[in-house]
Each structure stands twice: as C-alpha cells, then as structure tokens.
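Reading the structure
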Amino acid sequence: MDGTKEMGGLRNVSSVCSISEMDDFDLSRLLDKPKLNIERQRSFDERSLSELSIGLARGIDTFETTYSPGGRSGFNTPASSTRNSFEPHPMVADAWEALRKSLVYFRGQPVGTIAAYDHASEEVLNYDQVMYLKFHKAIASDFQVFVRDFVPSALAFLMNGEPEIVKHFLLKTLYLQGWEKRIDRFKLGEGAMPASFKVLHDPIRKTDSLVADFGESAIGRVAPVDSGFWWIILLRAYTKSTGDLSLAERPECQKGIKLILTLCLSEGFDTFPTLLCADGCSMIDRRMGIYGYPIEIQALFFMALRSASSMLKHDQEGKEFIERIVKRLHALSYHMRSYFWLDFQQLNDIYRYKTEEYSHTAVNKFNVIPDSIPDWVFDFMPIRGGYFIGNVSPARMDFRWFALGNCIAILSSLATHEQAMAIMDLIEARWEELVGEMPLKIAYPAIESHEWRIVTGCDPKNTRWSYHNGGSWPVLLWLLTAACIKTGRPQIARKAIDLAETRLLKDSWPEYYDGKLGRYVGKQARKYQTWSIAGYLVAKMMLEDPSHLGMISLEEDRQMKPVLRRSSSWTC
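This structure is a prediction, so every number in the text was calculated from the model and none was measured. (Residues numbered from 1 in each chain as written. Predicted model: local features only at pLDDT ≥ 70, side-chain atom pairs only at ≥ 80, totals over all residues. Heavy atoms only, no water.)

Overview of the overall build of the protein
Selection rule: Numbering of helices and strands runs from the N terminus; a helix is a DSSP stretch of H or I covering at least four residues, while a strand is a stretch of E covering at least two. The buried label goes to any residue with under 20% of its type's maximum accessible area, the exposed label to any with over 50%, and the partly exposed label to all in between, with areas taken from a 1.4 Å probe on protein chains only. The contact criterion used is simple: two residues touch if any of their non-hydrogen atoms lie within 4.5 Å. Each accessible area is a Shrake-Rupley estimate made with a 1.4 Å probe; only the visible protein chains count as cover when residues are assessed.
When its secondary structure is counted, the protein shows 21 helices and 17 strands. By the burial criterion, 61% of the 572 residues in the protein qualify as buried. In the protein, of all internal contacts separated by at least 6 residues, the share reaching a separation of at least 24 is 72%. By element, 52% of the accessible surface of the protein is carried by carbon and sulfur atoms, the whole surface being about 23600 Å².

The following block contains the structure:
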C-alpha cells in the first residue's frame, strides 16, 4: 500500500487509507476472514516490570507489537474465540450519523467532537458555549471540545478505520499543553493538559484560532487531573490501532509524555504512591466528596504509567523515566490491591479493627473507626464478589462503588485476575443496583439528606439518584463492555447493550438518567450527548470484534507482586 513501509516487522503508516483502498481495512469483511497468524515479539504488556527494568541496559524494543492487518488490535482476550456476531441494530446508523454531525474542524481538519447539541431545541447545549452560525447567523462561532469526552468518540473512529481525526486531536491538545497556564495569579504545572478547548471561527476575517481551558472556566475552578492520563492512553490506542509508530516517536510527543510524568511523579510530602487530588478533577467534575485519593484517578494514573512505558524512547532520559515508572507501579499496585480492595472477608476484618494503633506493626494503618462503616455496605457486599472502594485516607474509607475506576482497574490490570473476576461477580450479584434499567451507575449509592448537604455543598444538580450522585450514564457502557470481554463474560455486556437499545435512541441520546433504576431521563440531561452516542458504538464494535479490546487494555504483568492479605501485609 502506498504510504507505508516496513519498520522492524511493523508497518509505519504515514497517511490514512480509506476503507475502499484496501480489503484488509474493510471492517465489514473482518468476521468472514480467517484469523491471521502473526508472529510477534513479546510486548511490554507481556513483559514484567522487573524484567523491563533489567532490560533497560540491554535495550528493549521501543514499542510493544501494536499492529496487525485489518485494523485489528492483535489482543487475545478470553472472549476472542467467541465472535458474538449479530445483525447491526437499526440505531447504529443513527448513532454514526449523529457522531459525524458532532465533528469540530480547525482549519479544515477534524480535531474533535462537540459535547452535545439538542437538534429539537433552538438552544445550543454544548454547555452554553457553542454557537452555530447556520442557525443563529452569528458574526463569530465557537465550538468546544472536552478532552475526556472525546475519548469514546476517538475509539469509535479508530475502530472504524478512521484514525486521522484522532491524530489531529492528539497533536492539537499537545500544542495547547505548551501554553502558559495561569489561574488568577497562580501558575499551573507545565505538564497539565487542558480540560477542553474551543475552536473560534471568524467568518469575516476567515480565521480559526484555539483557546484552551485549564480549569479557569470550570465549575469550582479545578484543573483536570485526568486529561493528561486520557491523552497518554489515547496515544497508545492510536498506536495499537494503526501501527503508526512515528506519531508517538515525535520529539514533541515524547516531551509531552515526559511533562505529564514529571508532574505526577514528583516527590513531596505524601507518604502514599497514590495521587492526592481535589474534588472535581475527573469525570465527576463537581463537589462529590472524592477529594483525597479517588479510585478513578488512581486507576487512570496506573494505566497511563503503563502506557507511557511502552511508548517512551530508550534514550538516556527515557530510561530514567521508565525506571521511575517501574518503581511507582510496584508501589501503586501493592497499595491499591491491599488497601483499596474490599470483599466480604476484608469487610469483616475492618469491622473488627482496633484503633489508635502505632508503629509498623499496626493492622489498622489509617486509623479507620469501624463505626464509620455505613450500614448499606453490609447488605450490598455479596459473599462472592468485591470492588475497589472510592477512597482511602487517614481515618476515612469511602465505601462507595465508582464504575469508571473499577472498569479501568480491570482494563489496566491494576486488578489481579481474581479481583477482576470478583468485580464482575459483584456486578452480576447487584445488577439491579448497579445497572437497573439503563447502564451504568456512575456511583452507588446516592448520598442524601444531611450528608448530601455537607458532602456536595447543597448542589442542586447532584441531588439523590441524579447526575453524579447515583445517576446512570450510558457512556459507561463501553467501559463495562471492555471489562466484560477482558474477563471472558461478554454475555453481561450483551445484556447491558440490549437494555440501552430499548431507550437510548427513543430518548434522543441523553447525557444521563435519574432514579434508583435509571428509569427517568436526567432532569438537566443534554440530548444528543456525543459521548453517549460514541460509548454505545464502541460497545457494539467491541462485542462484534473483541480484538478491538487491545487498543485500551493491558495484559497482566505476571511478575507484579501479588496482593497480600491485610493480616500479613500490615504486620510484617
């Protein structure tokens, strides 16, 4: 094919090819083709961290094997042998049409997707900041792209063999990372990625310009901690999907990765390997009591570190960063698997904790008072099953379930095989509570009454069983599907997708649903929410072709120290 050349057994793609140019890229024919036998070296995902650190001096291949013909991700999952083929649902075509309408262009190139646009309303609903010249005859128009919101859209385009928009997005956000970031009179870290950016179109001067938001316009004025992690994860997904090694190898991309790593690997006063964060720094971008060490950020941090290790060049500076990553990953995995994990036995252990324990022999290291365990946990926890709790810090354990953090823990292999299976057992055992009538609860349970007033600051949007406070978010369907495929339980994903297909299109693709079962369209939910649309498409495509999972999943590091029981790990 024109524009490609062989590089050490991998193809370096210099230009995107259309589906019609090459049968191997025709996704509609993939399921009819015999599976190709592709020899590949062991990837970073298959090598242990300890082996990686030893191999630095010998010079390990720069990248994991990332490319296989046909746009397949080359990742052998437990579910890969079962194709789960099915006829396309009629709403798939509607979803693709809506997704393409959401594209935002900068100087003629697609660079992202807008958050939402309600076609049935005169009001443009891209968080009150988008204006359509076509409808309003405005002198100027601006289109806003949110970094985390674009991730499922990017994965949908990658899985459909359309990587160019993802490449443009990665480069534009990288360009914005280099901006000086000031909020009032305070300067942010150099590696911070924007929460979003606007494309400003001036039809009179016929110019386009970019304006980034690093938190100065956000609710609560909180900088996004997750944007940089999602950027690294998406860069790896692009590389895995296309085989285009040249993008991640660019000096500016290598610098961007290192700036993010410098920001989050810096040493300070903290005694934990987890990242200390403020409320509102992630998908839950309002005050919801996740300050401290939220599971979502820790899981994304872990995944981003592993992804970065596979893409950093092995020059002197790159080796130094990888050595720091290896050390942090060992500490982080041990900490999360030991202290954030909760199952029936662990809950019983915490219930019997003694307090005011000093010295290194303490079992109750964080001085958690057993009386602080909420009553709902005892009924919620099945005999078989478990999950990573929301937060752990001195005298505090947030026992809430958070969907994104637990799904990412599975995909990144932060969760051991046994823990990943236990998370899926919990979802099956507590299907009504966590899935209900619309996948998937962002958090469970909702906080209410006096606790809601204290924790949320009386937030009128985060009332009980609404929005971030126990609302159901269709975008999380892709993460649930990916976790189901990786753990060999595609039937759970199929059941969740069937639920979503009964209402999503009919309800005009809402941002979220309200109620204990997710029965009602959210009271302030945007319609035609782009990541609701993209999340559905990604889930469908992964279930049809499980090899796509390789874009956003990492195999378990077999040499990572296994989780130890608290009784032994805390009394050594």
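The discussion continues.
Examining helix 18 (residues 477–486)
The buried fraction of helix 18 amounts to ten of the ten residues, a majority that puts the element mostly inside the structure. Turning to helix 18, its buried residues are Leu477, Trp478, Leu479, Leu480, Thr481, Ala482, Ala483, Cys484, Ile485 and Lys486. Taken together, the buried residues of helix 18 touch helix 5 (147–159), helix 7 (226–242), helix 14 (403–411), helix 15 (417–429), helix 19 (490–501) and helix 20 (530–544). Trailing helix 18 by a residue or two, Gly488 shows a phi angle of about 75 degrees, which is positive.

Quick word on helix 12 (residues 344–351)
To be explicit about the condition: Our arc is simply the arc of the directions from the helix axis toward the C-beta atoms.
Within helix 12, burial applies to Gln346, Leu347 and Ile350. The arc that holds every buried residue of helix 12, seen down its axis, measures 100 degrees, which confines them to one face.

Things to note about the packing of aromatic side chains
Note the cut-off: The pairing test for Phe, Tyr and Trp rings, Trp by its six-membered ring, is centres within 6.5 Å, and the orientation test on the planes gives stacked under 30 degrees, edge-to-face over 60, and tilted for anything in between. For a lysine, the NZ atom is tested; for an arginine, the CZ atom; a charge sits over a ring if that atom is within 6 Å of the ring centre and within 35 degrees of the ring normal.
Per the counting criterion, the structure on display carries 22 aromatic pairs. Seen from their ring centres, Trp376 and Phe380 are 5.5 Å apart, and the 65 degrees between their planes marks the pair as edge-to-face. A residue pair is termed a helical-turn pair when its members lie 3 or 4 positions apart in one helix, as Trp376 and Phe380 do in helix 13 (residues 375–380) at four residues. Given a relative accessible area of 23%, Trp376 falls into the partly exposed group. Residue Phe380 is classed as buried on the basis of its relative accessible area of 3%. The ring of Tyr467 has Lys461 lying over it, and the distance from NZ or CZ to the ring centre is 4.3 Å. Directly above the ring of Trp431 sits Lys495, whose terminal nitrogen or CZ lies 4.4 Å from the centroid.

Overview of the pattern of salt bridges
For the record, the criterion: The salt bridge definition used is simple: a Lys or Arg side-chain nitrogen within 4 Å of an Asp or Glu carboxyl oxygen.
Per the stated rule, a full pass over the model turns up 19 salt bridges. Where salt bridges share partners, they join Arg384, Asp425, Glu428 and Arg489 into one cluster.

Focus: the packing of helix 10 (residues 295–311) against helix 14
Stated formally: Axes here refer to lines fitted to C-alpha atoms; in helices the fit is confined to the stretch in contact. Angles between the N-to-C directions go from 0 to 180 degrees. Relative orientations are named as follows: roughly parallel for angles under 35 degrees, roughly antiparallel for angles over 145 degrees, roughly perpendicular for angles from 65 to 115 degrees, and oblique for any other angle. In this scheme the handedness of a crossing depends on how the near helix is turned from the far one: anticlockwise by less than a right angle means left-handed, clockwise means right-handed. Put simply, Ala, Val, Leu, Ile, Met, Phe, Trp, Tyr, Cys and Pro go in the nonpolar bin, Asp, Glu, Lys and Arg in the charged bin, and everything else, Gly too, in the polar bin.
Contact pair helix 10 / helix 14: the axes reach a minimum separation of 8 Å and the direction vectors enclose 20 degrees. Classed by the angle they form, the pair helix 10 and helix 14 counts as roughly parallel. For the pair helix 10 and helix 14, the crossing hand works out as left-handed. Within the contact between the two elements, helix 10 uses Ile295, Glu296, Ala299, Leu300 and Met303 and helix 14 uses Leu404, Gly405, Ile408, Ala409 and Leu411. Residue classes in the contact of helix 10 with helix 14 are distributed as eight nonpolar, one polar and one charged.

A few points about the environment of Ser547
This is how it is decided: Pairs of N or O atoms within 3.5 Å make up the polar contacts considered here, provided that, within protein, one atom can donate a hydrogen while the other can accept it, and that residues adjacent in sequence are counted only when both atoms are side-chain atoms.
Positionally, Ser547 belongs in the loop between helix 20 and helix 21 (566–569). For the pair Ser547 and Ile485, spaced 62 residues apart in the sequence, the C-alpha separation amounts to 9.6 Å. Of note is the side chain of Ser547, whose polar atom sits 2.8 Å from the side chain of Asp545.

A look at unusual backbone geometry
Of note, the amide linkage connecting Pro439 to Leu440 takes the cis form, showing an omega dihedral of 5 degrees. Here Leu440 shows up in the loop between helix 16 (431–434) and strand 15 (443–444). A cis geometry characterises the amide bond from Tyr444 onward to Pro445, with omega recorded as -5 degrees. Mapping Pro445 onto the fold places it in the loop between strand 15 and helix 17 (449–456). Backbone geometry places Ser413, a non-glycine residue, at a positive phi of 65 degrees. One can find Ser413 in the loop between helix 14 and helix 15. Backbone geometry places Trp509, a non-glycine residue, at a positive phi of 55 degrees. Relative to the elements of secondary structure, Trp509 occurs in the loop between helix 19 and strand 16 (513–514). We classify Trp509 as buried; its relative accessible area is 1%.

Observations regarding empty space enclosed by the protein
Rule in force here: A 1.4 Å probe that fits into a set of points on a 1 Å grid over the protein atoms alone but cannot get out defines a cavity; an open set with protein on both sides within 12 Å along at least five of seven lines defines a pocket, and lining residues are those with an atom within 4 Å of a point. Grid points are joined across faces, edges and corners, and a volume is the space filled by probe spheres set on the points.
Across all of its chains, the model carries six cavities of 30 Å³ or more by this definition. Approximately 100 Å³ is the volume attributed to the second largest cavity. Surrounding the second largest cavity, 13 residues form its lining, Arg148, Trp230, Met283, Leu404 and Trp531 being those nearest its centre. Looking at the lining of the second largest cavity, the elements that each hand over two or more residues are helix 5, helix 7 and helix 18. Looking at the lining of the second largest cavity, the element that brings in the most residues is helix 5, giving three residues. Per-class residue counts for the lining of the second largest cavity are ten nonpolar, no polar and three charged.

Things to note about the environment of Thr173
Mapped onto the elements of the fold, Thr173 is located in helix 6 (residues 164–177). Sequence separation between Thr173 and Val111 is 62 residues, and the spatial gap between their C-alpha atoms is 9.2 Å. Discounting residues that sit within four places of it in the chain, Thr173 has contacts with Val147, Met193, Pro194, Phe197 and Trp231. Here Phe169 takes part through its backbone oxygen, which lies 2.9 Å from a polar atom of the side chain of Thr173.

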